[in-house]
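# Tertiary structure, described
In case you want the letters, here they are:
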Amino acid sequence: MDLTFDFPQRLARGYQDFLSGRFHAERNRYRQLAEGQSPEIMVIGCCDSRVAPELIFDAGPGEIFVLRNVANLVPPYEPDSHYHGTSSAIEFAVNGLNVKHIVVMGHASCGGIRSYYDDAEPLAKGDFIGKWMSQIDATARKVDMTGDRVADLRRLELKVVEHSLKNLMTFPYISQRVQRGELQLHGAYFGVATGLLFVRDSKSGEFVPVGEGPADDGAA
């Protein structure tokens, strides 16, 4: 099909491949999903183009309810008159879909966290990203910075995952379900260059690698 309008050709070609490939192979699955979705897992990840949860977890259609924003941040529960895109997605996943697991997944080389660490543009006073990232001010002050840029960024990226997990528990319907054993919260961290996935041990707070990882693994 010759597309002469301004829709990106890469997307048009990708759609045609999807239509003749995955959609064709899973046609019945998509028909079922048209009647509704019932994923048991919600993943809160970063909107970074390199860390798509569906790819990392090899998920099929309808398996994961995904929320992505800058630096995989969850703000605290604040029922007011402002707009809350992240909170509304969480509310829908928990109260509407009754998910059984929420995974907050951070990642290496996070641009939002790097900009915060460097106090770099566009983190100017009054911009959207600066205000959004200011949520981690208190968390960042608790991170033991060593002066090693790579190590410090990783520490901050991991702390932001814990920050979001803590804020999830400020939502009454989440804390209640967690206490009743109906919902579990998890932390994860993905190494972009290595493919390594680390999962947070809820008892120790340590992030431990999942499985053996790629053959040429290294530091995330």
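The structure presented is a predicted model; accordingly, all values stated were derived computationally and were not measured.

Attention now goes to helix H6 (residues 111-118). Along H6, the residues that are buried comprise Gly112, Ile113 and Ser115. Considered in projection along H6, the buried side chains sweep an arc of 160 degrees and stay on one side of the axis. Its buried side turned inward, H6 meets helix H7 (128-133) and helix H9 (149-168). Of the residues flanking the end of H6, it is Asp119, one or two places downstream, whose phi is positive at about 55 degrees.

UniProt marks Cys46, Asp48, His107 and Cys110 with the feature "binding site: Zn(2+)" (unreviewed entry), using the numbering shown here. These residues run over 65 residues, yet every pair of their C-alpha atoms falls within 9.1 Å of each other. Among the secondary structure elements, Cys46 is positioned in strand S1 (residues 41-46). Looking at Cys46, the relative accessible area reads 6%, which means it is buried. You can see Asp48 is positioned in the loop between S1 and helix H4 (53-56). The exposure class of Asp48 is buried, given its relative accessible area of 14%. Asp48 has contacts with Arg68, His107 and Ser109, leaving out every residue within four places of it along the chain.

A positive phi is found at Asp58, a non-glycine position, where the angle reads about 50 degrees. Mapped onto the fold, Asp58 is located in the loop between H4 and strand S2 (64-69). Look at Asp58 and you get exposed, because its relative accessible area is 68%. Within the chain, Asn98 stands out as a residue other than glycine whose phi angle is a positive 55 degrees. Summarising the element assignment, Asn98 is placed in the loop between helix H5 (85-96) and strand S3 (101-107). Exposure remark for Asn98: the relative accessible area of 37% places this residue in the partly exposed category.

Conventions and cut-offs
- Residues numbered from 1 in each chain as written.
- Predicted model: local features only at pLDDT ≥ 70, side-chain atom pairs only at ≥ 80, totals over all residues.
- Heavy atoms only, no water.
- Buried < 20%, exposed > 50% of the residue type's maximum accessible area, 1.4 Å probe, protein only.
- Helix = DSSP H or I, 4+ residues; strand = E, 2+ residues; numbered from the N terminus.
- Arc of directions from axis to C-beta.
- Contact = heavy atoms within 4.5 Å.
- UniProt positions renumbered as here; feature names shortened; annotations may be inferred.

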